[in-house]
Each structure stands twice: as structure tokens, then as C-alpha cells.
Amino acid sequence: MMEVRRPGGPALPGTGRDKPEMDEPTWWQRGIVYHVYPRSFQDCNGDGVGDLPGITSRLDYLCWLGVDAIWISPIYPSPMADFGYDVTDHCAVHPMFGTLADFDDLVAEAHRRDLRVLLDYVPNHTSDRHPWFVESRASRDNPRRDWYIWRDPAPGGGPPNNWVANFGGSAWTLDERTGQNYYHAYLPDQPDLNWRNPAVRAKMLDVLRFWLDRGVDGFRVDALRQVIKDDQFRDNPPNPDYRPGMGPYQSLLPRYSTDRPEVQDVIRAMRGVLDERPGRLMIGELYLPIHRLVTYYGEGGSGVHLPANFHLLLTPWNAEAVGALVDAYERALPEFGWPNWVLSNHDRHRVASRVGEAQARVAAMLLLTLRGTPTIYYGDEIGMHDVPIPPGRVQDPWEKNVPGLGLGRDPERTPMQWSPDPGAGFTEGEPWLPLSDEYPERNVMAERAEPGSMLNLYHRLITLRRAETALAVGRYRPRGVRGDVLAYERLDGDRRFLVLLNLGHESAKWALEPDEAGEVVLSTHLGRGGDSVADAARLRPDEGLVIALA
Ligand code: NOJ
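The model shown is predicted, which means the values in this text are computed figures rather than measured ones.

What counts, and where the lines are drawn
Residues numbered from 1 in each chain as written. Predicted model: local features only at pLDDT ≥ 70, side-chain atom pairs only at ≥ 80, totals over all residues. Heavy atoms only, no water. Phe/Tyr/Trp six-rings, centres within 6.5 Å; stacked < 30°, edge-to-face > 60°. Buried < 20%, exposed > 50% of the residue type's maximum accessible area, 1.4 Å probe, protein only. Helix = DSSP H or I, 4+ residues; strand = E, 2+ residues; numbered from the N terminus. Salt bridge = Lys/Arg side-chain N within 4 Å of Asp/Glu carboxyl O. Axes fitted to C-alpha atoms, helices over the stretch in contact; angles between N-to-C directions. Parallel < 35°, antiparallel > 145°, perpendicular 65-115°, else oblique. Left-handed = near helix turned anticlockwise from the far one by under 90°. Contact = heavy atoms within 4.5 Å. Nonpolar A, V, L, I, M, F, W, Y, C, P; charged D, E, K, R; others polar. Near = heavy atom within 4 Å. Polar contact = N/O pair within 3.5 Å; in protein donor to acceptor, adjacent residues only side chain to side chain. Areas by Shrake-Rupley, 256 points an atom, 1.4 Å probe, with all protein chains shown as cover. 1 Å grid on protein atoms, 1.4 Å probe; cavity = no way out; pocket = protein on both sides within 12 Å on 5 of 7 lines; lining within 4 Å. Sits in = over half its atoms within 2 Å of the grid points. Pairing = 2+ DSSP bridges. Core = buried A, V, L, I, M, F, W, Y, C linked by side-chain atoms within 4.5 Å. Right-handed = clockwise from strand over helix to strand, strands pointing away. Expected span 1.5 Å × (residues − 1). Arc of directions from axis to C-beta.

## Looking at the packing of aromatic side chains
Link 1 in the chain: By the definition in use, this model includes 27 aromatic pairs.
Link 2 in the chain: For the pair Tyr-34 and Phe-41, a centre-to-centre distance of 5.9 Å together with 65° between the ring planes defines the contact as edge-to-face.
Link 3 in the chain: Owing to a relative accessible area of 0%, Phe-41 belongs among the buried residues under this scheme.
Link 4 in the chain: Summarising the aromatic geometry, the rings of Tyr-377 and Tyr-378 are spaced 4.7 Å apart at their centres and angled 70° between planes, so their arrangement reads as edge-to-face.

Structural data, given as C-alpha cells:
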């Protein structure tokens, strides 16, 4: 395979070439993370499910796109009750995805291209078929009993408290044989580990070391806010804003089952392991309000490097709301806290389906010009939409448990569309989830050839971000919201960029400050590059502009 090194791309940790100065941005502050859902990225063996050799075969594409790291959702042995988030062995590869040798090959090939590899670390729970749980449930006096969370039924019977599982139903399941309930924040097939037990802690920290020794560059940590629960197991209070369409989990405020203060000790311990090697990254999956989210940077920055910021997934798509979000987040960040932005992931509807095709281009410009590490979900770069899943093909347990509320996650997990060939270039077999009807036109091959495509917009945005320090790591200065237009600047030294995003479907005008002038360096629409801007910038409907200010 041809070696592809990106000019100016950061070198890998441990190679001795990148030792950043204290005040130099790290690779992950400059970089862009690309989220691969491995079941759906590239299938090499015709079983209809993506695999590790498939990911390796697409690394040159990712280099061309210009991302810096891939985060791969779980690849471990698993009965797949929750598609890999139910792990039976944290230190192995599911045969469906390949072998450890395939994994080593992927890391080596990625590193050869200056691409980092992040794994999904699932500390909160295991599969109920994990050997630890099989032992734990065997008897009340099993040495591993306390590796999971066991409680007696409530006096008179029933679950020990009112906690609801994320996918619906009680979060407690009675084990008839031993007469106690085990706790599971998700499915009954996913019992929660007891992180208050030092033996569990030690074993799970060793999992991090296992993968670090194999060369991984960091982790996305699953369900991090859930890892420690209230030591008194108090009932959660009702959610005053609950409406039935929100799904049963939202009926309570998860005050005692998540975001407990002691989780910070666990995070410090995980971070300690990462810090044993230079340059490794820890991203935390944390659905939390901003004021709580930012506490996960930890005191003095001893927590996760990037508490994942999902607020763009949850905020109404209009200039006022998005502008208020960006400003609130920027204000809340601690001095040492580096921002992060996410537009889509494998748990939420795709951005193109949430905001529409034209605005998805504006969203791409937002993602790639804001201050902070952007996370791109596979397929968003070609504008993939959610795919309707016929009832007979539903896979996601959430949809099966709580049908019809739009909570199912299959629509955003469908196979990557590489080409107009049968199987979309994803598989030669029957894909595990249906392909989008759009794939004959909406695919990587077609979009690379089409200058105005979403893919080429992403490519241009990423290329510009990589070339301009101001956009990658420069300061952020809000310029306000006027009507449908959101405006901000990114600055570094004498480089100053004004970003204007029209979140509306009408044309708009943005008056510049007196004596301010510049040149359009990038538009969501073709044919504007090089336009000079003086007095006022005119935006077409659904247009975003990056203007280099003179
Ligand atoms: C969050 C993951 O992103 C999701 O896909 C999974 O179902 C739950 N955590 C449980 O691991």
C-alpha cells in the first residue's frame, strides 16, 4: 500500500518528532476525529457486517479526507445484544470483525499514515455472558459476587428502587436462583460492574494498558457518567418536564444513578493510566448539561481530555439557539478545557435528517470552523440521511423495547455508501441493515467527482482548517446573531477569519464594521471563492461563508 503522509500533519507520539512545547497544541487539539461504526463501514468477507480489514482498506480515503484520528465503536467479542456494547472479553476481537493480528495491522497501517486510532472502552457494564458475571451470579458467596451490583428486593418484593433502564423497564433484574437483583443501566444483558470494588477497578484499568501496549492512541469512554452510582441507592426524583413521547428513561431525573461525585476518582485513575504514555487521548461520553459537562475536565485538567459535547445534537437548529449554545459553552469551559463538537453519532439521528440537506452544509461549516476538536460521524461527509427501517429488519434493542417513539438507532447506523455498485461498495453480501435508496447517487465515488458535493465541501473545509492555525486552534470571538445569521471570528496572530452562517432559507445581509473588509475563502456554495467583501456580506439562502479579514 502506498505511504500517504500529510504535509504538516502531526507526528505520532513516541516517535520523538512531536514532543509538543508546553504551550503548543497537542495533536488532538489540532486534529479531527472520525467516528467509525465498524459494523457499517466496510465489509471485506461478504458476511454483510463491516470488519477490521475493511477499515484498513479505507485508510487512504480517510487520509484524503484529512482527518487525524479514527474512533472505532466496540470490536470486542460480544453476543451483540447491544451491538458490541455488551462485551464478553475486553482484550480480544470479535471474530466477526477479524483477529488481533488484523487489529495490529490496522494500527500499523494507520500510524504509517499519521492517523491515530482510538478504541471504545466500555467500563460501565459487561455482557451477562461475560465470565465474570457468570461467576458473580453463580452464588451469593462467589468471590466475584461483588464485582457487580446486587441488592435484595424491596421489602415485600419488587425492585430495590425506582431506577429505570436507559432502554426502558426497571434497571433491576431479579436473579431467581440467588434471590437478589442486579443493576443494569441498559439492557438486562448488560449488568453494571461495581467500580467501588478495587479488584474490578484494577482489572478494568489493565484493559486500558492492554490496548495502549498494542499502540492505540486513546479511548472514547462509554457511559462515563453512569460508572458510579449512589452508595445508598436512593430513588430518583420524577422529571417535571417529562412527556410520554420522550421514552420511559426520561420519566425520572437520574440524580442518584449518574454523575455522582465519586466518578471523578475513577476518571483520575483512568487518566493516570493514559498518562503513563505520552500523547494519548481520553474522550468521555457524557450526556450532561453544560455546567455539569465541564466538571469532567477534572480539577486542574486531571479528568478526561475531551468531555464529548453533544449539545449540537440537542439544540434547536436556529441561529439564536446555536449562537447561545456556543457562547454558553465557551464561557463555561475552564481555562485548561479544550472544546469538542459533535454533529451526529451512532445513537442519534443524522444531522442531514435533523436539519435538512441544505442546512447540513451550514452545519458542516459550523463544526469545522468552531474552536474545538470536531468529531465527524462516518457518512455525514457524504450527507447520508437516516434510513427508514422496515419493521422486519429492526435490529436495535431500544426500538424493540420502546417501539414507535423514534428512539431506535438503526436508521443512523446503515452501511457506508462507497460506490453505485450493488452493495454500495460496502459488501458483496446481504448488508446487516438496509442500504439507503439514495446510495446510487449519494456515494463517495460519485461525490468525489462532483465539485459541489457535500463530500467536496467537507474536504475543502478540512483542508482549510488544516492550513490555517486560526481555524484549527485560534481564539474564538463571538460577533453575535442577527436574524438567521450567526457570526463569529477565529483569530491567530495577524490571521482573522469571519464566519457567517445563514441558518435560514432566505437570503441575508451582514453589515461589516466600518473599515472592515475581506475576501471569501470558502462558501457552502460553489463559485464564491475570492469574492471581495466590503461594507456588507450577502448570503444566499442556507449559505455559510468563511471570510479572511484584511
Ligand atoms: C452509549 C453507546 O454510545 C450506546 O450505543 C450504547 O448502547 C450505550 N452506551 C450502552 O453501552
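## Digging into the environment of Pro-155
Link 1 in the chain: Looking at where Pro-155 falls in the secondary structure, it is placed in the loop between strand 4 (150-151) and strand 5 (172-175).
Link 2 in the chain: For Pro-155, a relative accessible area of 85% corresponds to the exposed category.

## Focus: the pattern of salt bridges
Link 1 in the chain: Summed over the entire model, instances satisfying the criterion amount to 42 salt bridges.
Link 2 in the chain: The closest approach of N and O atoms between Arg-528 and Asp-531, which form a salt bridge, is 3.3 Å.
Link 3 in the chain: For Arg-528, a relative accessible area of 13% translates into the label buried.
Link 4 in the chain: Through salt bridges that share partners, Arg-477, Arg-479, Glu-489, Arg-496, Glu-513 and Glu-516 make up one connected network.

## Focus on the packing of helix 6 (residues 198-213) against helix 7 (residues 263-274)
Link 1 in the chain: Across the interface, helix 6 lies against helix 7 with an axial gap of 9 Å and an inter-helix angle of 30°. Regarding the angle of helix 6 to helix 7, the classification is roughly parallel. Classified by chirality, the crossing of helix 7 by helix 6 is right-handed. Of helix 7, the residues touching helix 6 (which contributes Arg-201, Leu-205, Leu-208, Arg-209 and Leu-212) are Asp-265, Val-266, Ala-269, Met-270, Val-273 and Leu-274.
Link 2 in the chain: Split by residue class, the contact of helix 6 with helix 7 holds eight nonpolar, no polar and three charged.

## With respect to the site of the ligand
Link 1 in the chain: Contacts to the ligand come from Asp-82, Tyr-85, His-125, Phe-167, Tyr-186, Arg-220, Asp-222, Glu-285, His-346, Asp-347, Arg-409 and Arg-413.
Link 2 in the chain: In this structure, an oxygen atom belonging to the ligand sits 2.9 Å away from a side-chain N or O atom of His-125.
Link 3 in the chain: Measuring from an oxygen atom of the ligand, one finds a side-chain N or O atom of Asp-347 at 2.5 Å.
Link 4 in the chain: Across the complex, the protein chains shield 98% of the 300 Å² of accessible surface that the ligand would expose by itself.
Link 5 in the chain: Of all the cavities here, the one that holds the ligand is the largest pocket.
Link 6 in the chain: Across the shell around the ligand, the residue classes tally to three nonpolar, two polar and seven charged.

## Let's talk about the sheet that holds strand 6 (residues 180-183)
Across a sheet, strands are paired by hydrogen bonds formed along the backbone, either parallel or antiparallel in direction.
Link 1 in the chain: Spatial strand order, 4-6-5: three strands in an open sheet with antiparallel pairing. Edge positions in the sheet fall to strand 4 and strand 5, since each of these pairs with one other strand and no more.
Link 2 in the chain: Direction of pairing for strand 5 relative to strand 6: antiparallel, over a ladder of four bridges. What sits directly across from Thr-173, in strand 6, is Tyr-182.

## Overview of the nonpolar core
Link 1 in the chain: Among the nonpolar cores identified, the biggest contains 139 residues, and Tyr-34, Ile-70, Phe-103, Trp-195, Phe-219, Met-270 and Met-416 are the most heavily contacted of them.
Link 2 in the chain: When residues in this core are grouped by element, the largest group, eight residues, is from helix 12 (residues 357-369).
Link 3 in the chain: Discounting chain neighbours no more than four positions away, the residues touching Phe-103 are Leu-52, Ile-75, Val-93, Val-117, Leu-119, Trp-211, Arg-214 and Val-216.
Link 4 in the chain: Counting residues in hydrophobic clusters, the runner-up holds 16 residues, among them Ala-165, Ala-171, Tyr-183 and Ala-185.

## Some remarks on the pairing of strand 2 (residues 69-72)
Link 1 in the chain: Of the two faces of strand 2, the one carrying Ala-69 and Trp-71 and the one carrying Ile-70 and Ile-72 are both buried.
Link 2 in the chain: Of the pairings in the sheet, the one linking strand 1 (residues 33-36) to strand 2 comprises four bridges and is parallel in character. Bridge pairing links Val-33 to Ala-69 in strand 2.
Link 3 in the chain: Crossover handedness for the path strand 2 to helix 4 (residues 100-112) to strand 3 (residues 116-121): right-handed.

## Looking at helix 6
Link 1 in the chain: In a regular helix each residue adds 1.5 Å, so 16 residues correspond to 22 Å; helix 6 covers 22 Å between its end C-alpha atoms and thus fits that length.
Link 2 in the chain: Within the sequence span of helix 6, burial applies to Val-200, Met-204, Leu-205, Val-207, Leu-208, Trp-211 and Leu-212. In a view along the axis of helix 6, the buried residues occupy a sector of 135°, so they form one face of it. With respect to the buried face of helix 6, the exposed residues turned more than 90 degrees away are Pro-198 and Asp-213.
Link 3 in the chain: Taken together, the buried residues of helix 6 touch helix 4, strand 3, helix 5 (131-136), strand 7 (218-221) and helix 7.
Link 4 in the chain: Two or three places before Ala-199, at the opening of helix 6, Asn-197 has a side-chain oxygen 2.8 Å from that residue's backbone nitrogen.

## A look at the sheet that holds strand 11 (residues 373-377)
Link 1 in the chain: If you walk across this open sheet you meet the eight strands as 9-8-7-3-2-1-11-10, and the pairing is parallel. With partners counted over all chains shown, the strands left at the sheet margins are strand 9 (306-307) and strand 10 (340-342), one partner each.
Link 2 in the chain: As paired strands, strand 2 and strand 3 are joined by four bridges and run parallel to one another. Bridging from a neighbouring strand, Ala-69 pairs with Arg-116 of strand 3.
Link 3 in the chain: Packed onto the sheet, helix 7 meets strand 3, strand 7 and strand 8 (281-284) and runs at close to 155° relative to strand 8.

## Some thoughts on the packing of helix 12 against helix 15 (residues 454-467)
Axes are the key here: two packed helices are described by the angle between their axes and the distance separating the axes.
Link 1 in the chain: As a packed pair, helix 12 and helix 15 sit with axes 10 Å apart at the nearest point and diverge in direction by 15°. In terms of axis orientation, helix 12 runs roughly parallel to helix 15. Pair helix 12 / helix 15 crosses with right-handed handedness. Between helix 12 and helix 15, the contacting residues are Glu-357, Ala-360, Arg-361, Ala-364, Met-365, Leu-367, Leu-368 and Thr-369 on the first element and Met-454, Leu-457, Tyr-458, Leu-461, Ile-462 and Arg-465 on the second.

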